[in-house]
Amino acid sequence: MGDSGKLNASVDRLLNEEKQMRLAENVAGTRKAATEILQLCFEAKDWKLLNEQILNLSKKRGQLKQAVQSMVQQAMGYIDQTPDIETRIELIKTLNNVSAGKIYVEIERARLTKKLAKIKEEQGQIAEAADLMQEVAVETFGAMAKTEKIAFILEQVRLCLDRQDFVRAQILSRKINPRVFDADTKKDKKKPKEGDNMVEEAPADIPTLLELKRIYYELMIRYYTHNNEYIEICRSYKAIYEIPSVKETPEQWIPVLRKICWFLVLAPHDPMQSSLLNATLEDKNLSEIPDFKMLLKQVVTMEVIQWTALWNKYKDEFEKEKGMVGGSLGDKAGEDLKLRIIEHNILVVSKYYARITLKRLSELLCLTIEEAEKYLSEMVVSKALIAKIDRPSGIVCFQVAKDSNEILNSWAVNLEKLLDLVEKSCHQIHKETMVHKAALRP
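Residues numbered from 1 in each chain as written. Predicted model: local features only at pLDDT ≥ 70, side-chain atom pairs only at ≥ 80, totals over all residues. Heavy atoms only, no water.

Trainee: Can you break down a nonpolar patch on the surface residue by residue, with the values?
Mentor: Together, Met302, Tyr352 and Tyr353 give the surface a local cluster of nonpolar side chains, amounting to about 300 Å² of exposed area. With respect to the helices, strands and loops of the structure, Tyr352 is situated in helix H17 (residues 333-352). A residue is classified by how much of its surface remains accessible, and Tyr352, at 56% relative accessible area, is exposed. (Patch = residues over 30% accessible without salt bridge, like charges linked within 9 Å, V, L, I, M, F, W, Y side chains within 5 Å. Areas by Shrake-Rupley, 256 points an atom, 1.4 Å probe, with all protein chains shown as cover. Salt bridge = Lys/Arg side-chain N within 4 Å of Asp/Glu carboxyl O. Helix = DSSP H or I, 4+ residues; strand = E, 2+ residues; numbered from the N terminus. Buried < 20%, exposed > 50% of the residue type's maximum accessible area, 1.4 Å probe, protein only.)

Trainee: Now, about the packing of aromatic side chains: what can you tell me, with residues and values included?
Mentor: Considering all chains together, one arrives at 13 aromatic pairs under this definition. Judged by centre distance (6.4 Å) and plane angle (85°), the rings of Trp262 and Tyr314 are edge-to-face. Here Trp262 is found in helix H13 (residues 250-266), whereas its partner Tyr314 is found in helix H16 (residues 307-320), with 52 residues between them in sequence. Ring plane angle 65° and centroid distance 5.3 Å describe the contact between Trp311 and Phe318, whose orientation is recorded as edge-to-face. For Phe318, a relative accessible area of 11% puts it in the buried group. An aromatic cluster is built from Trp262, Phe292, Trp307, Trp311, Tyr314 and Phe318, whose rings are joined through pairwise contacts. In this arrangement the basic side chain of Lys45 is found over the ring face of Phe42, its NZ or CZ atom lying 4.2 Å from the centre. (Phe/Tyr/Trp six-rings, centres within 6.5 Å; stacked < 30°, edge-to-face > 60°. Lys NZ or Arg CZ within 6 Å of the ring centre and 35° of its normal.)

Trainee: Describe the environment of Ala44, naming the residues involved and giving the relevant values.
Mentor: Topologically, Ala44 is positioned in the loop between helix H2 (27-43) and helix H3 (47-58). A relative accessible area of 42% means that Ala44 is categorised as partly exposed. Sequence separation of Ala44 and Val349 is 305 residues, and the distance between their C-alpha atoms is 84 Å.

Trainee: How would you explain the domain arrangement of the chain if you had to name every residue and give the values?
Mentor: Where interface size is quoted, it is often the accessible area lost as the parts come together. The domains assigned to the chain are domain 1 (1-104), domain 2 (255-352), domain 3 (357-401) and domain 4 (403-437). Taking only C-alpha atoms into account, the centre of domain 2 sits 23 Å from that of domain 3. The interface is formed by 10 residues belonging to domain 2 together with 11 residues belonging to domain 3. Where domain 2 abuts domain 3, roughly 1,000 Å² becomes buried across the two surfaces, and 85% of that area is made up of carbon and sulfur atoms. Looking at the side of domain 2 facing domain 3, the largest losses of area belong to Ile342, Ile346 and Val349, adding up to 48% of the total buried there. Counting across the domain 2 and domain 3 interface gives 0 salt bridges. Taken together, the links from domain 2 to domain 3 amount to 0 residue pairs in polar contact (both at pLDDT 80 or more). Within the side of domain 2 that touches domain 3, the residues separate by chemical class into 6 nonpolar, 3 polar and 1 charged. (Domains from an automatic or database assignment. Contact = heavy atoms within 4.5 Å. Buried area = accessible area lost by both parts, 1.4 Å probe. Polar contact = N/O pair within 3.5 Å; in protein donor to acceptor, adjacent residues only side chain to side chain. Nonpolar A, V, L, I, M, F, W, Y, C, P; charged D, E, K, R; others polar.)

Trainee: Would you mind going over helix H15 (residues 290-300) in detail, with residue names and values included?
Mentor: Taken together, the buried positions of H15 are occupied by Phe292, Leu295, Leu296 and Val299. Burial along H15 is one-sided: seen end-on, the buried residues are contained in an arc of 95°. If you follow the buried residues of H15, they end up packed against H13, helix H14 (271-281), H16 and H17. (Arc of directions from axis to C-beta.)

Trainee: Any details on the packing of helix H4 (residues 65-76) against helix H6 (residues 106-122)? Residues and values, ideally.
Mentor: Interhelical geometry of H4 versus H6 gives an angle of 25° and a closest axis separation of 10 Å. With respect to H6, the axis of H4 lies roughly parallel. At the point where H4 passes H6, the crossing takes the left-handed sense. In contact with Gln69, Val72, Gln73 and Met76 of H4, H6 contributes Glu108, Arg111 and Leu112. (Axes fitted to C-alpha atoms, helices over the stretch in contact; angles between N-to-C directions. Parallel < 35°, antiparallel > 145°, perpendicular 65-115°, else oblique. Left-handed = near helix turned anticlockwise from the far one by under 90°.)

Trainee: Explain the pattern of salt bridges residue by residue, including any values.
Mentor: Going through the model one piece at a time under the given rule, you end up with 25 salt bridges. In this structure, Glu242 and Lys247 form a salt bridge, with 3.4 Å as the shortest nitrogen-oxygen distance. Residue Lys247 is classed as partly exposed on the basis of its relative accessible area of 36%. Note that Arg340 is salt-bridged to Glu343, the shortest N-O span being 3.2 Å. In this pair, Arg340 and Glu343 are both assigned in helix H17, 3 residues apart and thus about one turn of the helix distant. Comparing Arg340 with Glu343, the two get one shared label, buried. Bridged by salt links that share partners, the residues Glu121, Glu155, Arg158, Asp162 and Arg222 form one connected network.

Trainee: Quick rundown of the sheet that holds strand S1 (residues 355-357)? Include the residues and the values.
Mentor: With antiparallel pairing, 3 strands are arranged side by side in an open sheet as S1-S3-S2. Looking along the sheet, the strands with just one partner apiece sit at the ends: S1 and strand S2 (388-390). Averaged over all pairs of adjacent strands, the angle between their axes in this sheet comes to 25°, without regard to strand direction. In this structure, S1 lies alongside strand S3 (residues 395-397), joined through 3 bridges in antiparallel fashion. (Pairing = 2+ DSSP bridges.)

Structural data, given as structure tokens:
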């Protein structure tokens, strides 16, 4: 009781001193008195009194902003030294109440929320942790360091993905512009002009911009995998592949390059897929994994690919991906790979044939007539191909139907070419006649 009495007496004395300083608008004195009160409570390990004094001091009439800011910052240093989780949560909640709605402690509030969300996550309450994090809109904080903002938003995205809330994860991910990762960090920072908002330094535990880039794209891969958006997964791996630290060590870039190759083959045929495919084939590093170079070349070459032979060759490599960076290619990947090979073969046939029977098409594709018709119809519906099927006669026509204007234009061009040929022929005949007459003269 003696120690408790001494503590209360010391706190009362400092409270009187704090009041005098506050009424005199002495910033340094008020701040010193307030922080000393908190220090006394902390040293005495009286956590209940500490919480009471934080709330009490923050609610004082005319309390100075600087004093509240100093109190919150000092009390945040005590969080990791609390004896148990309950005490820690109570202290964080107290500081959150004090900083609520105050712009000058918004960064501290964000950091407190992050700590509380981490505790909730460790307790298995993922949904509550995600809800807590979503309450804070760090993108509006002018004084927060860029890397800390990005790290906070990425944590929000991760928690949404953990709770299977993919819609909200996408909305939050759009707050980060991928171009921010390409900013040159080596450039000297400009000194802030007088009157500019001062940006705080990011805490030591915040990753660098390039580390954040990798975390961002790994989260985006998780998001795109949910909907099997193979081309977007491939682009995300491509961005990771371009990170200098990854490109310097073969142990890191080989698994990533393997993933790029797989997802390029799995992606539906379109201009972006074709562009990425050709760009990847030009990569010198691809010669380190010759099997994958061969795979991409097969997809690019306009020749029919035998599915059975391809699968027998690459089945082991496909299974090996489960132990690689990023894990397996997905549940549907095997089926989709077969589908892409069939689509490739149909495109090849359309290049070489104007008309073909369904029977012959099914033979080339190693499918039944019904399956060949089904896959061909799906490609026509998705506008990857233009074709018409005459079912009674069993003939597929790959020629594009022309309208009357196009037909008339082609006739006009052909007539022009014909007249040009006639004129040249007449000129040649006239020339030969003149030469012949000249030769006959004595």
